[in-house]
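Architecture and fold: a report
In case you want the letters, here they are:
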Amino acid sequence: MPGEGNISRDEAKDAPAVGQFQHQVERGNAGKSAPAAVFRGPDDAPVTLAAFRGKPLLVNLWATWCAPCVAEMPTLDKFAAAHADTLAVIAVAQDLQGAEVVDPWFQKAKLTTLQPYIDPQNGLLDAANSALPTSILYDAGGREVWRVVGAIDWQGKEAQTLLAEAGI
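Now for a look at the structure at hand. (Residues numbered from 1 in each chain as written. Predicted model: local features only at pLDDT ≥ 70, side-chain atom pairs only at ≥ 80, totals over all residues. Heavy atoms only, no water.)

A look at the state of the cysteines
Formally: Two cysteine sulfurs form a disulfide in these notes if their separation is within 2.5 Å. Here the term buried applies to any residue with accessible area under 20% of the maximum for its type, exposed to any over 50%, and partly exposed to those in between, with areas from a 1.4 Å probe on protein chains only.
One pass over the structure, following the stated rule, counts 1 disulfide. Covalently, Cys66 is tied to Cys69 through a disulfide, its sulfur atoms 2.3 Å apart. Where Cys66 bonds to Cys69 through sulfur, the torsion about that S-S bond is close to 75°, and the disulfide is right-handed. Note on accessibility: Cys66 and Cys69 belong to one class, buried.

Focus on the environment of Asp119
Stated precisely, the cut-off is as follows: Only DSSP runs of H or I with at least four residues qualify as helices, and only runs of E with at least two residues qualify as strands; both kinds are numbered from the N terminus onward.
With respect to the helices and strands, the residue Asp119 is situated in the loop between β6 (116-118) and α4 (123-128). With relative accessibility at 2%, the residue Asp119 sits in the buried group.

Considering the packing of aromatic side chains
What counts, and what does not: When the centres of two rings from Phe, Tyr and Trp lie within 6.5 Å, Trp using its six-membered ring, the rings pair. Their planes under 30 degrees apart give stacked, over 60 give edge-to-face, and anything left gives tilted.
Evaluated as defined, the whole model comprises 6 aromatic pairs. Ring centres 5.6 Å apart and planes at 75° place the aromatic pair Trp105 and Phe106 in the edge-to-face group. Exposure class is identical for Trp105 and Phe106. Each is buried. Three or more aromatic residues joined by ring pairs form one cluster here, namely Phe39, Phe52 and Tyr117.

Considering unusual backbone geometry
A cis amide bond links Leu132 to the next residue, Pro133, at an omega of -10°. Position of Pro133 relative to the elements: it lies in the loop between α4 and β7 (134-138). Even without being a glycine, Asn122 presents a positive backbone phi close to 60°. By the secondary structure assignment, Asn122 is in the loop between β6 and α4.

Section: helix α2 (residues 67-82)
Helical geometry note: an α-helix holds 3.6 residues per turn, so side chains three or four residues apart project in the same direction. Spelled out, the test is: One less than the number of residues in a helix, times 1.5 Å, gives the span that helix is expected to have. Values of bend correspond, residue by residue, to the angle between axes fitted over the seven residues ending at that residue and the seven starting there.
The terminal C-alpha atoms of α2, which comprises 16 residues, lie 24 Å apart, in line with the 22 Å expected from a rise of 1.5 Å per residue. Helix geometry: α2 is bent most strongly at Met73, by close to 40°, with proline Pro74 lying one to four residues after it.

Structure representation (structure tokens):
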């Protein structure tokens, strides 16, 4: 059940590598507007995806209890740092307990770029009608370009190809 059995730091070290998980690229929602669901920012203030318009945005929907999510997070963090000038990247946790479990996870993970956004009501995941992890690229106008369902190595060649395809 979501939120049950959070992965400890020691367990995360023993988790399978991101390349051992399956993913697929979907383009069936291309052109659709980003959902208006409200979630919480790192400062605990309400935010929507519209706040990020003006720059392409990669939204990663994940949870602390999701092994593929945890496995891809370090590559996503490095990806966010490397593309900060051209692309906003946010990781929005879908943990039902919200900051209570997400904030400690972030502290232990020692990520350098990503910040803890939370969506304990799962509004973004419901709007995406998808599974975890799901990463959705929106263009600067807030329209979906593509999505990756499942864990991907954000430092790998396939991620670079997807960005190039999107003109980023």
